[in-house]
Amino acid sequence: MTHQPRSAAQRIAIILAVIFQIGATFLPQFGIGAEIGSRSDETRTLITPIGWAFAIWGPLFFGSAIFALWQAIPAMRRNALLDRIGWPAALAFTGNGAWAVYTQLADLTVLSAIIIAATLVCLLIILREFTKFGRPFTTAERWVAVLPLSALAAWLTAATIVNISATLQFHQVFGSEEWPVLAAGIVLIGGIIAAAATARSKGNPYYAATFLWALLGIFMAGGQVATIIAASCILAALFVILVTLMKLRIPKYRRRWFG
């Protein structure tokens, strides 16, 4: 616990940011812009995950909402972990909302890739704070803060590489043809980034599992079209799995994430 209470501004900012993050996706219901799904379909590439993989946004939004409510209760005013991740979390939720608004209005342009990459940076800062936090997590911290925000960081890691690929397709950087070798390379780079993030976060299993979900979504879509995409998904998954297992062999790392 901290000696000084967290500011009311931080607690309120997180709540408003989560409302914005979730509410921004409903603009097409009011006749504003096009649905994100349709935007994605228009710029679909070989590394766009299969449709059902995006259902993960339901648990991610739910986890974000629970986190926002929990961090605002009086008992959490002096929580040291929340004090360290509060502002990056508010910025990350705001970034997700801004990306949704922009994408629905303007499509998956280069600016959408910049927005999602900046949002990912905020989440990776949170991931680093989870890793270097000095004391064991409480049960509530582990399940209400660490789990949903680690999962969100992993999904945004995958979403960033997918967005970059879609942006290249939108701007027709490589023409209208599919480029399976390039797409496979992007997946492998994403896998290397995720494996490195998993290693630096002492084998964070929540991050690793969510990124593997994203790879499964890519494998079930582009991986069924091009063998090289399937192979890159498998190789990227092996990177992440091996790093996670190596780190979680260490007892103190297992205790950090599982208690």
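What counts and how
- Sequence positions are assigned chain by chain, starting from 1 and proceeding in written order.
- Under the rules for a predicted model, residues below a pLDDT of 70 receive no local features and side-chain atom pairs below 80 are neither given nor counted, while totals for whole chains, interfaces and linings still include all residues.
- Side-chain metrics in this entry use all non-hydrogen atoms of the structure; hydrogen atoms and water are not considered.
- Numbering of helices and strands runs from the N terminus, with a helix taken as a DSSP run of H or I at least four residues long and a strand as a DSSP run of E at least two residues long.
- Should any heavy atoms of two residues lie within 4.5 Å, those residues are considered in contact.
- Buried, partly exposed and exposed residues are distinguished by accessible area as a fraction of the type maximum, computed with a 1.4 Å probe on protein chains only: under 20%, between the cut-offs, and over 50%, respectively.
- To form a nonpolar core, buried Ala, Val, Leu, Ile, Met, Phe, Trp, Tyr and Cys residues must be joined to one another through side-chain atoms within 4.5 Å.
- Aromatic rings from Phe, Tyr and Trp, taking only the six-membered ring of Trp, are treated as a pair when their centres fall within 6.5 Å; an angle between ring planes under 30 degrees marks them as stacked, one over 60 as edge-to-face, and anything in between as tilted.
- Lines are fitted to the C-alpha atoms to define the axes, a helix being fitted only along its stretch in contact, and any angle between axes, read from their N-to-C directions, falls within 0 to 180 degrees.
- Roughly parallel means an angle under 35 degrees; roughly antiparallel means over 145; roughly perpendicular covers 65 to 115; every other angle is labelled oblique.
- In this classification, the charged set is Asp, Glu, Lys and Arg, the nonpolar set is Ala, Val, Leu, Ile, Met, Phe, Trp, Tyr, Cys and Pro, and all remaining amino acids, among them Gly, are polar.

(A) Highlighting the side chain of S112. Along the polypeptide, S112 turns up in helix 5 (residues 110-132). When near neighbours in sequence (up to four residues on either side) are disregarded, S112 contacts W99, Y102, T103, D107, N163 and T167.

(B) Layout of unusual backbone geometry. The phi dihedral of D107 falls on the positive side, at around 85°, and the residue is not glycine. You can call D107 buried: its relative accessible area is 8%. The backbone of K202 shows a phi angle near 60°, a positive value even though the residue is not glycine. Considering the arrangement of structural elements, one finds K202 in the loop between helix 7 (180-200) and helix 8 (205-219). The class of K202 is partly exposed, set by a relative accessible area of 24%.

(C) Structural detail: the nonpolar core. Counting 72 residues, the largest nonpolar core has F67, I85, F93, F130 and I229 as the members making the most contacts within it. Contributions of two or more residues to this core are made by helix 1 (8-23), helix 3 (57-72), helix 4 (80-106), helix 5, helix 6 (139-170), helix 7, helix 8 and helix 9 (227-248). Counting residues per element, this core draws most heavily on helix 6, which supplies 15 residues. Setting aside anything within four residues of it in sequence, one finds F67 in contact with I14, L82, I85, A89, F93, V144, A145 and L149.

(D) Representation of the packing of aromatic side chains in the model. According to the stated counting rule, one finds eleven aromatic pairs in the structure shown. Ring plane angle 90° and centroid distance 5.9 Å describe the contact between F54 and W155, whose orientation is recorded as edge-to-face. Of the two residues, F54 sits in the loop between helix 2 (36-42) and helix 3 while W155 sits in helix 6, which places them 101 residues apart along the sequence. Ring centres of F67 and W70 lie 6.4 Å apart, and the angle between their planes is 45°; on these two criteria the pair is classed as tilted. On the criterion of helical spacing, the pair formed by F67 and W70 is a turn pair, its members being three residues apart in helix 3.

(E) Geometry of the packing of helix 8 against helix 9. Put simply, helix 8 and helix 9 touch, their axes get as near as 10 Å, and they point 170° apart. In terms of their interaxial angle, helix 8 and helix 9 are classed as roughly antiparallel. Only I229, A230, C233, I234, A236, A237, V240, I241, T244 and L248 of helix 9 make contact with helix 8, whose side of the interface consists of P205, A208, F211, L212, L215, I218 and F219. Of the residues assigned to the contact of helix 8 with helix 9, the class counts are 16 nonpolar, one polar and no charged.

(F) Seen up close, the environment of L27. Its place among the elements puts L27 in the loop between helix 1 and helix 2. Taking the C-alpha atoms as reference points, L27 and D41, separated by 14 residues in sequence, lie 18 Å from one another. Beyond its immediate stretch of four places on either side in the chain, L27 contacts I32, V101 and Q104.

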